[in-house]
Amino acid sequence: MIFTKEESLIIVSQEEISIERFLENLQKEYAKLKNDNLVLDLLSFSKLTPYNVISFLEIARMHKKNGQSFVLVSDKVSYDDVPEEINLVPTLQEARDVVEMEEIERDLGI
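In this report, we go over the structure that sits alongside the text. Just so we're clear, the structure is a prediction, and the values are computed from it rather than from any experiment.

**Structural notes on the sheet that holds strand β3 (residues 37-41)**
Here is step 1: One open sheet holds the 5 strands; their spatial order is β1-β2-β3-β4-β5, and the pairing between them is mixed. Looking at strand neighbours, the two that pair on one side only are β1 (2-6) and β5 (87-89), the edges of this open sheet. Taken over all neighbouring pairs, the strand axes of this sheet differ in orientation by 25° on average, direction set aside.
Here is step 2: Of the strand pairs in this sheet, strand β4 (residues 70-73) and β5 are connected by 3 bridges, and their pairing is parallel. By the bridge assignment, Val-73 is partnered in β5 with Val-89.

Written as structure tokens, this is what we have:
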């Protein structure tokens, strides 16, 4: 796994591995990441399905309960095809924007 720390978030990416293995690795490393906003860069996965994205639902719920942002980045799956609880955007910049907006909302108590 590749971890890139930016201001208030960590971008997690992986190359040349299956999406299932990526999720397994994320779960193993989660204790180290649970106190940071997370952006999961799934752009390198060429064969991503809505089912693959939905497999992150449990960890997304858990992370949001911790008061942190959890955003998936993929241009292969539409956000209309996944539950509302999953933040799915097509670019890393949009993921950064979502994290920033959610931080503002948390600061305002929304």
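**What about the packing of aromatic side chains?**
Here is step 1: Under the criterion given, the structure shown has 2 aromatic pairs.
Here is step 2: Through a chain of ring-to-ring contacts, the aromatic side chains of Phe-22, Phe-45 and Phe-56 assemble into a single cluster.

**Some thoughts on the side chain of Gln-68**
Here is step 1: With respect to the helices and strands, Gln-68 occurs in the loop between α3 (57-65) and β4.
Here is step 2: Reaching out from Gln-68, the side chain makes a polar contact with the backbone nitrogen of Asn-37 at a distance of 3.4 Å.
Here is step 3: Not counting chain neighbours up to four residues away, the residues in contact with Gln-68 comprise Lys-34, Asn-35, Asp-36, Asn-37, His-63 and Arg-106.

**A few points about a nonpolar patch on the surface**
Here is step 1: Together, Met-101, Ile-104, Leu-108 and Ile-110 make up a nonpolar patch on the protein surface, roughly 460 Å² of accessible area in all.
Here is step 2: Considering the arrangement of structural elements, one finds Ile-110 in the segment after α4 (92-108).
Here is step 3: Given a relative accessible area of 74%, Ile-110 falls into the exposed group.

**Notes on the pairing of β1**
Here is step 1: Relative to strand β2 (residues 9-13), β1 runs antiparallel, the two being bridged by 5 bridges. Bridge pairing in β2 places Phe-3 opposite Val-12.
Here is step 2: Hairpin connection, β1 to β2: the antiparallel pair is bridged by 2 residues.

So, how was this worked out
- Numbers given for residues are sequential positions, taken from 1 along each chain in its written order.
- Thresholds applied to this predicted model are a pLDDT of at least 70 for local features of residues and 80 or more for the giving and counting of side-chain atom pairs; totals over whole chains, interfaces and linings are not thresholded and use all residues.
- For the side-chain quantities, the full set of heavy atoms in the structure was used; hydrogens and water were omitted.
- Note on pairing: DSSP must find at least two bridges between two strands before they are called paired.
- Only DSSP runs of H or I reaching four residues or more are called helices, and only runs of E reaching two or more are called strands; each is numbered from the N terminus.
- Every axis in this analysis is a line fitted to C-alpha atoms, fitted for helices over the stretch in contact. Angles between the N-to-C directions lie between 0 and 180 degrees.
- Between 30 and 60 degrees the pair is tilted, below 30 it is stacked and above 60 it is edge-to-face, where a pair is any two Phe, Tyr or Trp rings, Trp via its six-membered ring, whose centres lie within 6.5 Å.
- Under the rule applied, a polar contact is a pair of N or O atoms within 3.5 Å (in protein, one hydrogen donor and one hydrogen acceptor; residues adjacent in sequence only if both atoms are side-chain atoms).
- In this description, contact between two residues means that some pair of their heavy atoms is separated by no more than 4.5 Å.
- Residues enter patches when their relative accessible area tops 30% and they take part in no salt bridge; the joining distance is 9 Å for like charges and 5 Å for the nonpolar side chains Val, Leu, Ile, Met, Phe, Trp and Tyr.
- Note on areas: Shrake-Rupley with a 1.4 Å probe; residue coverage comes only from the protein chains shown.
- Take a side-chain nitrogen of Lys or Arg and a carboxyl oxygen of Asp or Glu: if they are within 4 Å of each other, that pair is a salt bridge.
- Here's how the labels work: a residue is buried when its accessible area is under 20% of the maximum for its type, exposed when over 50%, partly exposed in between, all with a 1.4 Å probe on protein chains only.

These values are about where atoms sit, not about what they do.
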